[in-house]
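Okay, here's what each chain looks like letter by letter:
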Amino acid sequence: MRKRKQQNNHNQDEKTSVRLREIVEVLRRHSIIHGVTPEKLRLILEDLGPTYVKIGQIMSMRSDVLPQKYCDELMKLRADVKPIEFSEVVKLIENEYGTPIKEVFPEIEEKPLGSASMAQVHVVKLKDGRKAVAKVQRPNIEETMAQDIALMRKAAKLFEIIDLSGDVIDFNSVIEEMWVVSKQEMDFLLEAKNCHELAQLNADIAYVAFPEIIDPLTTAKILVMEYVDGIQIDHVQELTDLGYDMNEIGEKLAENYIKQVLDDGFFHADPHPGNVWIRDGKIVWLDLGMVGRLSNHDRQLFKNAVVAIVNNDIFEVKNVLLSLGTVKGKINHSLLYDDVEELITKYANLELGNIDLGQLFEELLDLCNRHNIRTPARITMLARGVVTIEGVLSACSPNVNFMQLAKSHLTEHYMENLNLASELKKSGKNLYTMTKKAIDVPGQLSDLLKMATKGQMKMNLDVTGAEEPIKQIDHMLDKLIICIIASSLLIGSSLISTTNMRPQILDIPLFGILGFLGSAVLGCWLLFGILRRWRKGS
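Residues numbered from 1 in each chain as written. Predicted model: local features only at pLDDT ≥ 70, side-chain atom pairs only at ≥ 80, totals over all residues. Heavy atoms only, no water.

1. A look at the overall build of the chain
The line we're drawing: Note on conventions: DSSP H or I runs of at least 4 residues are helices, E runs of at least 2 residues are strands, and numbering of each starts at the N terminus. Partly exposed residues are those whose accessible area sits between 20% and 50% of the maximum for their type, while under 20% is buried and over 50% is exposed, using a 1.4 Å probe and protein chains only. Any pair of residues with heavy atoms lying within 4.5 Å of one another is described as a contacting pair. Working definition of accessibility: Shrake-Rupley area with a 1.4 Å probe, residue cover restricted to the visible protein chains.
What the chain contains, in helices and strands, is 20 helices and 15 strands. When each of the 538 residues of the chain is scored for burial, the buried share is 38%. In the chain, the share of contacts with a sequence separation of at least 24, taken over all contacts with a separation of at least 6, comes to 64%. Summed over its atoms, the accessible surface of the chain is roughly 31,800 Å², and 57% of this surface lies on carbon and sulfur atoms.

2. Points about the pairing of strand E6 (residues 222–226)
The following threshold applies: Pairing between strands is defined by DSSP: at least two bridges between them are needed.
In terms of residue burial, E6 counts as a mostly covered element, since five of its five residues are buried. Note: strand E4 (residues 131–137) against E6, five bridges, orientation antiparallel. Residue pairing across strands places Val133 opposite Met225, the latter belonging to E6.

3. A look at the UniProt feature "transmembrane region" (unreviewed entry) in the chain
We count it as follows: UniProt positions are given in the numbering used here, feature names are shortened, and annotations may be inferred rather than shown by experiment.
The sites that UniProt annotates as "transmembrane region" (unreviewed entry) are residues 480–498 and 510–531. Secondary structure over residues 480–498 splits into 95% helix and 0% strand, and the C-alpha atoms at its two ends are 28 Å apart. As annotated, residues 510–531 comprises 100% helix and 0% strand, and the C-alpha atoms at either end are separated by 32 Å.

4. Some details on a nonpolar patch on the surface
The line we're drawing: Exposure above 30% relative accessible area and the lack of any salt bridge qualify a residue for a patch; like charges then connect within 9 Å, and the nonpolar side chains Val, Leu, Ile, Met, Phe, Trp and Tyr within 5 Å. Whenever Lys or Arg places a side-chain nitrogen within 4 Å of a carboxyl oxygen from Asp or Glu, that contact is recorded as a salt bridge.
The grouping of Ile473, Leu477, Leu480 and Ile484 at the surface amounts to a nonpolar patch, some 380 Å² of accessible area in total. Its location among the elements puts Ile473 in helix H19 (residues 467–497).

5. Comments concerning the pattern of salt bridges
If you walk through the whole model with that rule in mind, you get 14 salt bridges. Measuring nitrogen to oxygen at the nearest pair gives 2.5 Å for the salt bridge that ties Glu73 to Arg42. Separated by 31 residues along the polypeptide, Glu73 in helix H4 (residues 68–74) and Arg42 in helix H2 (residues 38–48) bring together distant segments of the chain. Given a relative accessible area of 11%, Arg42 falls into the buried group. One salt bridge in this structure joins Arg130 and Asp128, with 2.8 Å as the shortest N-O distance. You can call Arg130 partly exposed: its relative accessible area is 37%. Connected through shared salt-bridge partners, Arg42, Glu46 and Glu73 make up one network.

6. A look at the sheet that holds strand E7 (residues 231–232)
Strand order across the open sheet formed by four strands is E5-E10-E9-E7, with mixed pairing between neighbours. If you trace the sheet from one side to the other, it starts and ends with strand E5 (208–209) and E7, each paired once. Note: E5 against strand E10 (residues 282–285), two bridges, orientation parallel. Across the sheet, the residue bridging to Val208 is Ile283, located in E10.

7. Section: the confidence of the model for the chain
Rule in force here: pLDDT gives the predictor's per-residue confidence on a scale running from 0 to 100.
Confidence in the prediction of the chain, expressed as mean pLDDT, is 78, and 76% of residues score 70 or more. Residue range residues 161–169 is modelled with pLDDT below 50. Its contacts to residues more than four positions away, or to other chains, number twelve contacts.

8. Observations concerning unusual backbone geometry
Although it is not a glycine, Asn140 adopts a positive phi angle of roughly 55°. Structurally, Asn140 can be placed in the loop between E4 and helix H7 (141–162). For Asn140, a relative accessible area of 56% puts it in the exposed group. The phi torsion at Asp287 lies on the positive side, around 55°, for a residue other than glycine. Turning to its location among the elements, Asp287 is positioned in the loop between E10 and strand E11 (291–293).

9. Some thoughts on the nonpolar core
Quick note on the threshold: Residues belong to a common nonpolar core when they are buried Ala, Val, Leu, Ile, Met, Phe, Trp, Tyr or Cys residues joined through side-chain atoms within 4.5 Å.
In terms of nonpolar packing, the biggest core is built from 60 residues, with Ile233, Leu253, Val261, Trp285, Leu382 and Phe402 touching the most fellow members. When residues of this core are assigned to their parent elements, the largest contribution, nine residues, is made by helix H16 (residues 377–396). Counting 19 residues, the second-largest nonpolar core is a separate cluster that includes Tyr52, Val53, Leu74 and Leu151.

10. Looking at H2
Burial of H2 is extensive: eight of the eleven residues sit out of reach of the surface. Turning to H2, its buried residues number three or more, namely Pro38, Lys40, Leu41, Arg42, Ile44, Leu45, Glu46 and Leu48. Where H2 ends, the next residue or the one after it, Gly49, has phi of about 115°, a positive value.

11. A closer look at the pairing of E10
Bridge analysis of strand E9 (residues 276–279) against E10 gives four bridges, and the strand direction is antiparallel. When the sheet's bridge partners are listed, Val276 is paired in E10 with Trp285. Hairpin connection from E9 to E10: two residues lie between these consecutive antiparallel strands, with Asp280 at a positive phi of about 55°.

12. A look at the packing of helix H11 (residues 246–264) against H16
Rules: Axis lines are fitted through C-alpha atoms, for helices just across the contact stretch, and the angle between N-to-C directions can take any value from 0 to 180 degrees. We call two directions roughly parallel when the angle between them is under 35 degrees, roughly antiparallel when it is over 145, roughly perpendicular when it lies between 65 and 115, and oblique otherwise. In this classification, Asp, Glu, Lys and Arg are treated as charged, Ala, Val, Leu, Ile, Met, Phe, Trp, Tyr, Cys and Pro as nonpolar, and every other residue, Gly included, as polar.
Between H11 and H16, whose axes approach to 10 Å, the crossing angle comes to 170°. Our classification of the angle between H11 and H16 gives roughly antiparallel. Seen from H11, the contacting residues are Met246, Gly250, Leu253, Ala254, Tyr257 and Val261; seen from H16, they are Leu382, Gly385, Val386, Ile389, Val392, Leu393 and Cys396. Looking at the contact of H11 with H16 residue by residue, the classes come out as eleven nonpolar, two polar and no charged.

13. Concerning the side chain of Ser115
Convention followed: Pairing of N or O atoms within 3.5 Å defines a polar contact, subject to two protein rules: one partner must be a possible hydrogen donor and the other a possible acceptor, and residues neighboring in sequence count only if both atoms are side-chain atoms.
The residue Ser115 is located in strand E2 (residues 114–115) in this model. Residue classification places Ser115 among the buried residues on the basis of a relative accessible area of 7%. Side-chain polar atoms of Ser115 contact the side chain of Arg138, separated by 2.9 Å.

14. Considering helix H5 (residues 86–97)
Where we set the bar: Here, expected helix span is obtained from the residue count minus one, scaled by 1.5 Å. The arc in question is the one traced by the directions running from the helix axis out to the C-beta atoms.
Taking 1.5 Å per residue as the helical rise, H5 with its twelve residues ought to reach 16 Å, and the 17 Å between its terminal C-alpha atoms agrees with that figure. Listed as buried for H5 are Val89, Val90 and Ile93. Buried residues of H5, seen end-on, are gathered within an arc of 100° and therefore sit on one face of the element. Facing away from the buried side of H5 by more than 90 degrees, the exposed set consists of Ser87 and Asn95.

Below you can see the structure in the form of structure tokens.
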């Protein structure tokens, strides 16, 4: 058993080494040492494979990290990835069904309808004559991505050792989040389930549709669904020529997405234009491999955050951030409050219609990172989804404001669920509780005064924000002590070197040499610490 495990580990290491050589060869072929243009970066990511294409897709939405021209070029990775050979597609279909392709799809178009990082889509004809599309997974994608993830995990460990991240980015959590999401996207049975669930949740919405899944032909690696003969939402001129009102389309798109997030807690996490089509006056959502799910608690916190931002309630925004995320270190609550206040003040003078919710989301996530608050994957997926949907609205329906519609939805939802009798009963209970506690206050004050006069009262004082200065003083004292020890060794060794103490090396006492070496090591350690601190500060 142990020998078999060792053999498996050896095989895995060998595959990882082969994959590493492939990556190096791609970088060499594109002459990365001569600089990276936006187009070259896209081509490199395409050649590196699906894992890196997925990274490129995520980075295309981060104009705060990459220049806009790079983001624009990486946007092409969303639906314009180099397709695989048609012969490979036929082989994959026949292997999956265990029968010649003609027995499943009497007709299949050789040219793909679309090609993405995980799969590509071909138009097919079913045996009953219906027109459909087959989404075929790329060959060996899971094995390749697993090797890439293994290499990234090793790189993340290296970053931790040499402290490249400065504790700002948790590379491990980013990698694991991407791996979990990618595995979900690779399971087409899960995507089919997502489509069924979203269709059921939106069954009462007349202007929204989802593609019908052909369940008998759908497997984990092949997804078969009806052919959507529509127009992509960003083909504005074509839609306008057909008589569509783009403002109406934008409003309905935003309203439905807000419903998915706030009411259902189950939303499309990648709503870029290629995944939103218009057919027969309906908005059709495609590619449901990447979805997000929010709990009732998450949705309530999100609603509280929107209301708090509108009302400039700094304390409530701070509480929402702490409740949504996971604290991964000490929190300086005073500094966190100040940063939240600065952020809210920035938006306080803006009209609600002028607030860019996507940008606000990004700034809130950045604030969480700076204050050691780790946001869960479902929240970052929601942030990316909102940023993407606002980009779609900006391109297709610039007069539609997502934030304004979100506020209107919250107001309507609150009024619909308002129960006056229940609210009065709740307020009465709160008033009774407050009155009862107020009656006890004089007695408690009397007890405190008696304890104070008898010298029995103790007070614990916690100075918020004092931990960091105290920690810095401790570091200074440690360095001072090491500096004194190094100086003492240097002086002592110099005195010993003037004597004839034995044993000796090259006529110098051995203890003197050891003292010099110890002093040099401590001095280098101190110098390295100072330089590293300067590098972090810059």
